[in-house]
Amino acid sequence: MIQRTPARIEARLANNDNRTWQQLLSDSVTTPEALLAGLGLDPARWLGGATAGHRLFPVRVPGPWLARIRHGDPDDPLLRQVLPLHQEQEQVPGYVRDPLDELAATPATGLIRKYRSRALLMITGQCAINCRYCFRRHFPYGEHRLAPEERERALAVLRAAPEINEVIFSGGDPLAVSDRLLARWMAELSGIASLQRVRIHSRLPVVIPQRVCDSLLAWIRQSRLQVVMVLHVNHPAEIDDEVRTALARLRAAGVTLLNQSVLLQGVNDDAALLATLSETLFAAGVLPYYLHAFDPVAGAHHFDVSDQRARALARELQARLPGFLVPRLVREIPGRDGKTPLDLGLEDDGTSAEEARMSNLVNL
Ligand SMILES: *Cc1c(COP(=O)(O)O)cnc(C)c1O
Ligand code: SF4
């Protein structure tokens, strides 16, 4: 058992001060040196790999996330998500820069439309945290935001496509931009009669729970559009009391809360842990939505979990949890009209679900 150290407690106290989310965001740890020093990890052991990885995709960790990491534990599952390792430099065949072929599906700058009824709006390329396994780690958009004429073009595409009833705010992290800008998007989208919902894909309410501030709740409450928020939580230790409070405020404003996780080696590739994650989410008012099979992104091969193991974990989850707490195990395959579920019916020995049912009947 690793003891809570004064440094950890100090970091936690620092989170309880009155800094706004913007201050917390700009006070983030952005160098490997500061990350290791803040957590009491030996630079001789970790700095080389971290610095090399940092050059490929910069370190970014806000204070509230840092405070949830166990001091001195290099295997901490929250640390693993943000600390670059030397493996990031290795080139492994089959791991590519754009595994989802997203750059090919862009009808207007900032708008990605792969599926018939919903379009994804890349509000900003900026994130509050840089996750090492992110499939967007190689995207060329940096901190780019849509220029006004690009916004008009994206809105024109949406107006001309009445079959789209849902716009997904994505990024980057769409909540990394100001509430003024988000309120303006909401007002424009509310004027498009065919739209019913806005979905927000964000890690910010978890990474910096202070992001759920009054001005965020104001534009959510004011809109005629239903708001769904899809969080991104991979491990139960990401949810602390401050996060719970933020989620309760979102729910009180009428937001439907869902979660997507990525299955990651060394972070959450364990059935008991995933079951605890689902229970912890539900206790905080969040329904599990997707469990993403790993996308083969270059520089992150050390997070990969085989499909066979992913299926075994998902079957184990089904056995442990009520159906509504089992996230759908999916993969995005370029060119399909939705996410592709990984079939759990096939046993590892190749027996199909149908054969399994038949053999159960025979056994009766
Ligand atoms: C994942 C994704 C969506 C949303 O898909 P759902 O199955 O509705 O959650 C929409 N557009 C793009 C481009 C996506 O990658
Ligand atoms: S897009 Fe999501 S997964 Fe990728 S770095 Fe940003 S917050 Fe992390």
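Per-chain numbering applies: the sequence of each chain, read as written, is numbered from 1 onward. Written order decides the labels, with chains lettered from A and ligands numbered from 1. Only residues with pLDDT of at least 70 are given local features in this predicted model, and only at 80 or more are side-chain atom pairs given and counted; all residues enter the totals for whole chains, interfaces and linings. Where side-chain values are given, they derive from all heavy atoms of the structure, hydrogens and water being excluded.

The protein chain appears in an unreviewed UniProt entry as L-lysine 2,3-aminomutase from Marinobacter profundi. Quoted verbatim from the Sequence similarities (unreviewed entry) field of UniProt, the annotation for the protein chain is "Belongs to the radical SAM superfamily. KamA family." UniProt positions are given in the numbering used here, feature names are shortened, and annotations may be inferred rather than shown by experiment. In its Catalytic activity (unreviewed entry) section, the UniProt record describing the protein chain reads: "L-lysine = D-beta-lysine".

**Student:** Residues and numbers for the sheet that holds strand S6 (residues 256-262), please.
**Tutor:** A pair of strands is treated as paired once DSSP finds two or more bridges between them. Note on conventions: DSSP H or I runs of at least 4 residues are helices, E runs of at least 2 residues are strands, and numbering of each starts at the N terminus. With mixed pairing, the 9 strands of this open sheet are ordered in space as S1-S2-S3-S4-S5-S6-S7-S8-S9. Bordering the open sheet on either side are strand S1 (111-112) and strand S9 (340-341), each of which pairs with just one other strand. As defined by bridge partners, strand S7 (residues 287-292) adjoins strand S8 (residues 328-331) across 3 bridges and the pair is classed as parallel. Across the sheet, the residue bridging to Tyr 290 is Arg 328, located in S8. In this fold helix H8 (residues 179-190) packs onto strand S2 (118-122), strand S3 (166-170), strand S4 (197-201) and strand S5 (226-232), with an angle of close to 165 degrees to the strand it touches most, S3. Contacts are residue-level and defined by heavy atoms, with any inter-residue pair within 4.5 Å sufficient. Convention adopted: a line fitted to C-alpha atoms gives each axis, helices being fitted over their contacting stretch, and angles between N-to-C directions are expressed from 0 to 180 degrees.

**Student:** Which residues make up helix H7 (residues 148-159), and what values go with them?
**Tutor:** Expected span of a helix, by definition, is 1.5 Å for each gap between consecutive residues, and there is one gap fewer than residues. Compared with an ideal rise of 1.5 Å per residue, which puts 12 residues at 16 Å, H7 spans 16 Å between its outermost C-alpha atoms and is within 8% of the ideal. Those residues of H7 that fall on the buried side of the exposure criterion are Glu 150, Arg 151, Ala 154, Leu 155 and Leu 158. Along the long axis of H7, the arc covered by the buried residues comes to 140 degrees, so they all point the same way. Next to the buried residues of H7 lie S1, S2, S3 and H8. Between buried and exposed lies partly exposed: a residue is buried under 20% and exposed over 50% of the maximum accessible area for its type, with that area taken using a 1.4 Å probe on protein chains only. It is the directions from the helix axis to the C-beta atoms whose arc is reported.

**Student:** So what's going on with empty space enclosed by the protein? Residues and values would help.
**Tutor:** Of the two site types, the cavity is a set of points on a 1 Å grid over the protein atoms alone where a 1.4 Å probe fits but cannot get out, and the pocket is an open set with protein on both sides within 12 Å along at least five of seven lines, each lined by residues with an atom within 4 Å of a point. Grid points are joined across faces, edges and corners, and a volume is the space filled by probe spheres set on the points. Applying the stated criterion across every chain yields a total of 1 cavity of 30 Å³ or more. Considered as a void within the structure, the largest cavity measures approximately 60 Å³ in volume. Lining the largest cavity we find Asn 259, Gln 260, Ser 261, Leu 274, Leu 277, Ser 278, Leu 281, Pro 288, Tyr 289, Tyr 290, Leu 317 and Pro 327. Residue contributions to the lining of the largest cavity peak at 4 residues, all from helix H12 (residues 271-283). Lys, Arg, Asp and Glu make up the charged group, whereas Ala, Val, Leu, Ile, Met, Phe, Trp, Tyr, Cys and Pro make up the nonpolar group; the residues left over, Gly among them, are polar. Classifying every residue of the lining of the largest cavity gives 8 nonpolar, 4 polar and no charged.

**Student:** I'd like a description of the site of ligand 1, backed by residues and values.
**Tutor:** Here a residue counts as near a molecule or strand whenever at least one of its heavy atoms sits within 4 Å of it. Around ligand 1, the surrounding shell consists of Ile 112, Lys 114, Tyr 115, Arg 118, Leu 120, Ile 168, Arg 199, Tyr 289, Tyr 290, Glu 332 and Lys 339. For ligand 1, an oxygen atom lies 2.6 Å from a polar atom in the side chain of Arg 118. As used in this structure description, the phrase polar contact means that two N or O atoms lie within 3.5 Å; if the pair is within protein, one of them must be able to donate a hydrogen and the other to accept it, and residues adjacent in sequence are counted only when both atoms belong to side chains. Here an oxygen atom of ligand 1 and a side-chain polar atom of Glu 332 are 3.1 Å apart. A total of 390 Å² of accessible area belongs to ligand 1 in isolation, and the protein chains cover 93% of it. Those elements giving two or more residues to the shell around ligand 1 turn out to be S2 and S7. Only the protein chains shown count as cover for residues, and the accessible areas themselves come from Shrake-Rupley with a 1.4 Å probe.

**Student:** Summarise the side chain of Glu 238; cite the residues concerned and give the values.
**Tutor:** Relative to the assigned elements, Glu 238 resides in the loop between S5 and helix H11 (241-252). Beyond its immediate chain neighbours, meaning those up to four positions away, Glu 238 contacts Trp 65, Arg 68, Leu 78, Gln 81, Arg 203, Val 206, His 232, Val 233 and Val 243.

**Student:** How would you explain the UniProt feature "binding site: [4Fe-4S] cluster" (unreviewed entry) in the protein chain if you had to name every residue and give the values?
**Tutor:** Those places that UniProt annotates as "binding site: [4Fe-4S] cluster" (unreviewed entry) correspond, in this numbering, to Cys 127, Cys 131 and Cys 134. Once residues within four sequence positions are removed from consideration, Cys 127 is found in contact with Arg 60, Gly 172 and Asp 173. With respect to the helices and strands, Cys 134 occurs in the loop between S2 and H7.

**Student:** Quick one: what's the story with a nonpolar patch on the surface, residue by residue and with numbers?
**Tutor:** Each patch is built from residues that are more than 30% exposed by relative accessible area and take part in no salt bridge. Like charges join if they lie within 9 Å; nonpolar side chains (Val, Leu, Ile, Met, Phe, Trp, Tyr) join within 5 Å. One speaks of a salt bridge when a side-chain nitrogen belonging to Lys or Arg is within 4 Å of a carboxyl oxygen belonging to Asp or Glu. A cluster of nonpolar residues, Phe 282, Leu 287 and Phe 324, forms a patch on the protein surface that exposes about 280 Å² of accessible area. Topologically, Phe 324 is positioned in the loop between helix H13 (307-320) and S8.

**Student:** Describe the side chain of Arg 199, listing the residues and the values that go with them.
**Tutor:** Tracing the sequence through the fold places Arg 199 in strand S4. Classification of Arg 199 by relative accessible area gives buried; the value is 10%. Leave out the neighbours within four places in its chain, and Arg 199 touches Arg 118, Glu 166, Val 167, Ile 168, Phe 169, Val 228, Val 230 and Tyr 289.

**Student:** Kindly report on the packing of H8 against helix H10 (residues 214-222), identifying the contributing residues and their values.
**Tutor:** H10 packs onto H8 with a crossing angle of 5 degrees between their chain directions and a minimal axis gap of 10 Å. By the criterion of interaxial angle, the relationship of H8 to H10 is roughly parallel. Residues Asp 179, Leu 182, Ala 183 and Met 186 of H8 lie in contact with H10, whose contacting residues are Ser 215, Leu 216 and Trp 219. Looking at the contact of H8 with H10, its residues break down into 5 nonpolar, 1 polar and 1 charged. An angle below 35 degrees is read as roughly parallel, one above 145 as roughly antiparallel, one from 65 to 115 as roughly perpendicular, and any other as oblique.

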